[in-house]
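In case you want the letters, here they are:
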Amino acid sequence: MILVTGGAGFIGGNFVLDWLDVQDEPVVNLDLLTYAGNLETLNRVADHPHYQFVQGDIGDSALVSRLLAEHQPRAIINFAAESHVDRSITGPEDFIQTNIVGTFRLLEATRAYWSRLSDHDRAAFRFLHVSTDEVYGSLDKTAPAFTETHRYEPNSPYSASKAASDHLVRAYHHTYGLPVLTTNCSNNYGPYHFPEKLIPLCIHNALTGQPLPIYGDGQQIRDWLYVKDHCSAIRRVLEAGSLGEVYNVGGWNEKANLEVVKTLCAILDEEQPRADGLSYATQISFVKDRPGHDRRYAIDASKLERELGWKPAETFESGIRKTVRWYLANPDWVAHITSGAYRDWTNKQYGL
Ligand code: NAD
Ligand code: TYD
């Protein structure tokens, strides 16, 4: 079986759902259920015979050691993290605790477990660390996209904490021989995305008649990847990645934020027009820029294609339409999480 951490979040949740659809292998999901964790995402598999949920912290060494001894996983996939840049600016402490200390403790418990495995199982074991392109810092408009050898230049408390975790993972391979793999992926979008991030926030705000907040001039560029493509890349790296290697994962879809939001509005205008006949684009509102806002991320994912034959299945146009349709078809999922603590955050961040 495999152990997934952070499997009640956006990407981990999609990964668990897809895993159970395509693999015949049990998965245990260890998730602390912070504000970003949502078990409703996993309703469909809650009673699946190959699925088990455990609420807990990757930094809880006793719990993790017990789970490893009990379930004897052949692989761990570490999604668990604090993941929102804006929250890392207003409160970096949780990012240090989970992304750095938590990953360190998870690595330590894994090392102890792995060192006691049989020679065969030790050789077959994998620790796959899920990371971000944000560790590489910001690119000028014409600079080549990030390759795996790009210098680490993290600029936010979030990206700095993920960079630290990447370094720890690397060190556990070089120092102790732990069989690790690291993926650095660009911005994901798709179903079950918590509406604090740009795309789900704008879909939610559009449909509820609220402003669509664009930071600064909206010309910051991100590379966008449909979440199911990220999940297939992780499965492929787990299956065939070379030990200790890093793989960049991206969608070859560089878009400025304003363009992304205008595209969303155009699709919403078609799929669910506003009652007054106006475009959702009239709700776009330019707001104060994010401090230290990275101007451009771009991922060169050619190593993953060349060495492991992975390519994204979705274009931005196909993926974003699927995403909008998913949100229109699943208003309950959104309604259940956009209350209480969510409102506190949007009030604080946007003064809504
Ligand atoms: P998310 O915030 O949606 O989910 C994180 C999950 O981790 C939540 O379910 C939360 O409850 C859980 N968690 C947090 N702290 C924990 C702890 N101490 N112990 C156990 N569980 C804990 O994040 P996401 O967008 O799904 O991102 C998953 C991973 O992918 C992260 O490591 C992130 O850095 C990375 N990543 C995300 C993106 C993106 O666009 N979202 C892109 C590249 C990489
Ligand atoms: P986000 O989804 O938070 O991802 P990240 O910061 O990890 O790239 O933001 C994507 C881009 O959208 C980023 O450049 C910040 C911008 N943004 C806005 O313009 N308005 C918003 O309300 C949010 C949340 C993000």
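Everything discussed here concerns the structure shown above.
Computed from a predicted model, the values in this text were never measured in an experiment.

K.L.:
Honestly, the pattern of salt bridges in this entry has me stumped. Any pointers?
P.N.:
If charged atoms from side chains of opposite charge come close, those side chains can pair. All chains considered together, the criterion is met by 21 salt bridges. One salt bridge in this structure joins Arg296 and Glu254, with 2.8 Å as the shortest N-O distance. Of this pair, Arg296 sits in the loop between strand 12 (284–287) and helix 10 (302–308) while Glu254 sits in strand 11 (residues 254–256), placing them 42 residues apart in sequence. Using a relative accessible area of 6% as the deciding quantity, one classes Arg296 as buried.

K.L.:
It is not clear to me how the sheet that holds strand 9 (residues 221–226) should be interpreted in this structure. Could you clarify?
P.N.:
Note on sheets: strands pair through backbone hydrogen bonds, and any given pair is parallel or antiparallel. Reading across the sheet, the three strands line up as 7-9-11 and stay open at both edges, with mixed pairing between neighbours. Edge positions in the open sheet fall to strand 7 (187–189) and strand 11, since each of these has one partner strand only. Strand-to-strand, the axes of this sheet are offset by a mean angle of 50°, without reference to chain direction. As defined by bridge partners, strand 9 adjoins strand 11 across three bridges and the pair is classed as antiparallel. Bridging from a neighbouring strand, Arg222 pairs with Lys255 of strand 11. In this fold helix 8 (residues 227–240) packs onto strand 7 and strand 9, with an angle of close to 70° to the strand it touches most, strand 9.

Rules and cut-offs
- Residues numbered from 1 in each chain as written.
- Chains lettered and ligands numbered in written order.
- Predicted model: local features only at pLDDT ≥ 70, side-chain atom pairs only at ≥ 80, totals over all residues.
- Heavy atoms only, no water.
- Salt bridge = Lys/Arg side-chain N within 4 Å of Asp/Glu carboxyl O.
- Helix = DSSP H or I, 4+ residues; strand = E, 2+ residues; numbered from the N terminus.
- Buried < 20%, exposed > 50% of the residue type's maximum accessible area, 1.4 Å probe, protein only.
- Pairing = 2+ DSSP bridges.
- Axes fitted to C-alpha atoms, helices over the stretch in contact; angles between N-to-C directions.
- Contact = heavy atoms within 4.5 Å.

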